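# Report on the structure
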Amino acid sequence: MILSFNRQFAFVHVHKCAGTSIEVALAAHLAPNDLVLGSTPGGERLQSVFKQVIGLDKHATAAQARQWLGPQRWAQWYTFAFVRHPLERLRSLYTFARGLAETQPMTADEQRLWETQARWPNRLPYHYAAVRAAVQSETFDAFLCHPLTWRDAGAQPMWRSLCDERQQLLVDFVGQVEQAEDDWAQVEQRLALQAPLGMHNRSRHNTEAQLSDAAWAQVRAHCLTDFQLFGYPVPEPLLGEPWPAPSSENDDAAG
């Protein structure tokens, strides 16, 4: 998240939606009184301090930022965010979580405790629900079906980051990662600056044809509103009768 008092804008960083690239690109244009929560070296270093002092962190929601700034200031500022195709966002989370586990593997003792007692290592990245789900999921489909996946903050619906409880948008502009160049150009124009992202439009994988009915049930329960609200075509398997939405408590995010 960025809160710029100098330029009067707020950027809401949605999990796995190119937020780090955006925050790094904007950081060079900020003044000392502007707040960068996460992503940059300074932002990461001070993130826990900001969380304790003002209650906001890297992935704070628009509602949380609006409450801290006050509704009047929020309405006066330019507020924006980027979203991503819901399935591609989840695939990115799966790849990221598996990568964390592979680069920081369990020791022999940790592996033995896991295999004999189902005890996870008491360290990062194994505190993250998505990492635990990814370790136990050989495929993306299995990851979507794993109950721990949906306890990770990184898998929570994008609308919860950008809307109020009535699903009304709280930000002025929502760009899409898939058309990043065009949408980012609008942000640059609005902020009267040039901040190259180093990121191009993202293409989609052929994810939809590979999913089981059980995986689609989870996607529908958790992601249908994101498809509808942010202008992504709703896949045919999500157009049938609704499944009951499972309840879960959110854990920390893997990324």
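Scroll up to find the structure this text is about.
First, a word on what this report is: a plain description of the structure on this page. (Residues numbered from 1 in each chain as written. Predicted model: local features only at pLDDT ≥ 70, side-chain atom pairs only at ≥ 80, totals over all residues. Heavy atoms only, no water.)

## A word on helix 1 (residues 19-27)
Among the residues of helix 1, Gly 19, Ile 22, Glu 23, Ala 25 and Leu 26 are the ones counted as buried. One face of helix 1 carries all of its buried residues, which in axial projection span an arc of 160°. Along its buried surface, helix 1 packs onto strand 1 (2-4), strand 2 (9-12), strand 4 (78-83) and helix 10 (180-191). (Buried < 20%, exposed > 50% of the residue type's maximum accessible area, 1.4 Å probe, protein only. Helix = DSSP H or I, 4+ residues; strand = E, 2+ residues; numbered from the N terminus. Arc of directions from axis to C-beta. Contact = heavy atoms within 4.5 Å.)

## Looking at the sheet that holds strand 4
If you walk across this open sheet you meet the five strands as 3-1-2-4-5, and the pairing is mixed. Both edges of this open sheet fall to strand 3 (35-36) and strand 5 (173-176), since each of them pairs with a single strand only. Where strand 1 lies against strand 2, three bridges are found, and the strand directions are antiparallel. Residue pairing across strands places Leu 3 opposite Ala 10, the latter belonging to strand 2. Contacting strand 2, strand 4 and strand 5, helix 10 crosses the sheet at an angle of about 170° to strand 4. (Pairing = 2+ DSSP bridges. Axes fitted to C-alpha atoms, helices over the stretch in contact; angles between N-to-C directions.)

## What about the side chain of Arg 84?
Inspection of the secondary structure assignment puts Arg 84 in the loop between strand 4 and helix 5 (86-103). Despite its burial, Arg 84 pairs with no opposite charge; the closest candidate is Glu 178, at 5.0 Å N-O. One polar contact links the side chain of Arg 84 to the main-chain carbonyl oxygen of Lys 16, over a distance of 3.1 Å. Looking at Arg 84, its side chain comes within polar contact range of the side chain of Ser 92, at 3.4 Å. (Lys, Arg positive; Asp, Glu negative; His and termini not counted. Salt bridge = Lys/Arg side-chain N within 4 Å of Asp/Glu carboxyl O. Polar contact = N/O pair within 3.5 Å; in protein donor to acceptor, adjacent residues only side chain to side chain.)

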